[in-house]
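Chain residues, written in single-letter form:
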Amino acid sequence: MSTLHTVNKSPFEKPSLDVCLAHATAGAGVLLIEDGVYAATKGTAVEDRVKQALDSVKLFVLGPDLLARGFTEDRVIDGINVVDYAGFVDLAAEHDKVQAWL
Amino acid sequence: MKFAIQINEGPYQHQASDSAYFFTKAALEKGHEVFRVFFYHDGVNNASRLTTPPQDDRNVVNRWAELAEQHDLDMVVCVAAAQRRGVADEGEMQRNGKDATNIHPRFRISGLGQLVEAAIQADRLVVFGD
Amino acid sequence: MSETIKNFLYLNRKAPYGTIYAWESLEVVLIGAAFDQDVSLAFVDDGVYQLTKGQDTAGIGMKNFSPTYAALGDYEVKKIFVEQESLDERGLTLDDLQHLVWEDEDEDYAEKDSIKLVSRAEMAAIMDDADVVFSF
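Cut-offs and rules
- Per chain, residue numbering runs from 1 following the sequence as it is written.
- Just so you know, chain letters begin at A and ligand numbers begin at 1, following the order they were written in.
- Local features in this predicted model are restricted to residues of pLDDT 70 or higher, and side-chain atom pairs are both shown and tallied only at a pLDDT of 80 or more, whereas totals for entire chains, interfaces and linings draw on every residue.
- For side-chain calculations, the full set of non-hydrogen atoms in the structure is used, while hydrogens and water are omitted.
- Any two residues whose heavy atoms approach within 4.5 Å at even a single point are treated as in contact.
- Reported buried area values correspond to the accessible surface (1.4 Å probe) lost by two parts on association, with both partners' losses combined.
- The working definition used for a salt bridge is a side-chain nitrogen of Lys or Arg within 4 Å of a carboxyl oxygen of Asp or Glu.
- Here a polar contact means two N or O atoms within 3.5 Å. Within protein one must be a hydrogen donor candidate and the other an acceptor candidate, and residues neighboring in sequence count only if both atoms are side-chain atoms.
- Comment: elements are numbered from the N terminus, with helices defined as DSSP H or I runs of at least four residues and strands as E runs of at least two.
- In the scheme used here, Gly and all other residues not listed as nonpolar or charged are polar, with Ala, Val, Leu, Ile, Met, Phe, Trp, Tyr, Cys and Pro taken as nonpolar and Asp, Glu, Lys and Arg as charged.
- One requirement defines pairing of two strands: DSSP has to find at least two bridges between them.
- Axes here mean lines fitted to C-alpha atoms, for a helix over just the part in contact, with angles spanning 0 to 180 degrees between N-to-C directions.
- Note on exposure labels: buried denotes an accessible area under 20% of the residue type's maximum, exposed denotes more than 50%, and partly exposed covers the range between, all computed with a 1.4 Å probe on protein chains only.
- A helix is expected to reach a length of 1.5 Å times the quantity of its residues less one.

### Overview of the interface of chain B and chain C
Then, number 1: Taken together, the 21 residues of chain B in the interface contact 21 residues of chain C.
Then, number 2: Taken together, the two surfaces of chain B and chain C that pack against each other cover about 1700 Å², and 60% of this comes from carbon and sulfur.
Then, number 3: The largest share of the area that chain B buries against chain C comes from Arg84(B), Val116(B) and Ile120(B), three residues that together contribute 34% of it.
Then, number 4: Summed over the shared surface of chain B and chain C, the result is three salt bridges.
Then, number 5: Residue Glu24(C) pairs with Arg85(B) through a salt bridge whose shortest N-O separation is 3.0 Å.
Then, number 6: The interface formed by chain B and chain C includes twelve residue pairs in polar contact (both at pLDDT 80 or more).
Then, number 7: Those elements that provide at least two residues to the side of chain B that touches chain C are helix H3 (79–85), helix H5 (113–121) and strand S5 (124–128) of chain B.
Then, number 8: For the side of chain B that touches chain C, the leading source of residues is H5(B), giving seven residues.
Then, number 9: Of the residues belonging to the side of chain B that touches chain C, the class tally is eleven nonpolar, five polar and five charged.

Encoded structure:
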């Protein structure tokens, strides 16, 4: 089944994203929201791991959460799609379920 | 499509309730059905009508209530979690010998079975928390 | 209650006592058992600490809810998946966890183990199979 995973923690605070990626099966979607969006930005210590993940999963980041934290789309790693809340809803509908990594 | 929403955190301390609100609003605007919004853990505090944020901040409780009013949303607060945290309606006040209620009238208190039922009935359960 | 039978997965990733998530999520499992769904529990990351044996909360003034896990079998909750890698990372083995069993009516109420140790890859497949994932 296709799953949309949501991660809301900064990768520098908790290992939620790493754990999520370790369990996400090929073709899954991973949406970064709230403090999770920092993982989508360029030049971080986790950038390589995030880029690697793009080989097996689709990565998305919630735009309003990025903007709120002072990051525009041009700071986002290539290959990560920026979505708004309507896009979040579409992703939730397109996948078979949503799994939150709280 | 039919969505169920679970909110695990209270207002202001965490973004969970805000994120859930914007998700729910977007889903409704797209014509989806939201079967139920279930408030659990500290999420029950989203139902306190005594919430008084500063004038220049959003009112998380009223915002949910207004959305519920517009779309006839079923917003359920878990009774066990509410009792622990002092969120009460008239029935809970009387049953537990308390001297006040604090729940916003747009929310209702019910059991955890309502969360399980929502997960069964809805096509998607979307959980927001810490 | 309902004709639909879904694969419910309760995802436990948080340790007990420091926060209430473990306890209140267990309450959902107990209530949910009445709905006759296909229920599995997953213990991953710090969630494995919920199952340690010998918990004694006398000194912290909180209710010790760990005995409740032993009652899960009576609620027909028989599929408890614990991730091996999560145990390894924390220096734990199966011996550190409670021995949880359920009684098989079809085999003269023979006690069977509820806990199944699974690898991370197996856990990923279990998550994949779920229709609904409850996170707390």
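### Description of the sheet that holds strand S6 (residues 115–118) of chain C
Sheet strands pair via backbone hydrogen bonds, and the direction of the pair is either parallel or antiparallel.
Residue and element names in this part refer to chain C.
Then, number 1: A sheet is described by the order of its strands in space; here five strands give the open sequence S6-S3-S2-S1-S7, paired in parallel fashion. Two strands close off the open sheet at either side, each with one partner strand: S6 and strand S7 (132–135). Between one strand axis and the next, the sheet turns through 25° on average, direction left out of account.
Then, number 2: As defined by bridge partners, strand S1 (residues 7–12) adjoins strand S2 (residues 38–43) across six bridges and the pair is classed as parallel. When the sheet's bridge partners are listed, Tyr10 is paired in S2 with Leu41.

### Let's talk about the side chain of Ser135(C)
Then, number 1: Its place among the elements puts Ser135(C) in strand S7.
Then, number 2: On the basis of relative accessible area, Ser135(C) is assigned to the buried category, the value being 2%.
Then, number 3: In this structure, Ser135(C) is in contact with Ala100(A), Leu102(A), Gln6(B), Asn8(B), Val127(B) and Leu11(C), ignoring residues within four places of it in sequence.

### Quick word on helix H1 (residues 16–29) of chain B
Residue and element names in this part refer to chain B.
Then, number 1: Between the first and last C-alpha of H1 there are 20 Å, a value that for 14 residues agrees with the 20 Å anticipated at 1.5 Å per step.
Then, number 2: Burial analysis of H1 places eleven of its 14 residues in the buried class, which makes it a mostly covered element.
Then, number 3: Of all the positions in H1, only Ala16, Ser17, Asp18, Ser19, Ala20, Tyr21, Phe23, Thr24, Ala26, Ala27 and Leu28 are classed as buried.
Then, number 4: Of the residues trailing H1, Gly31 is marked for its positive phi of about 90°.

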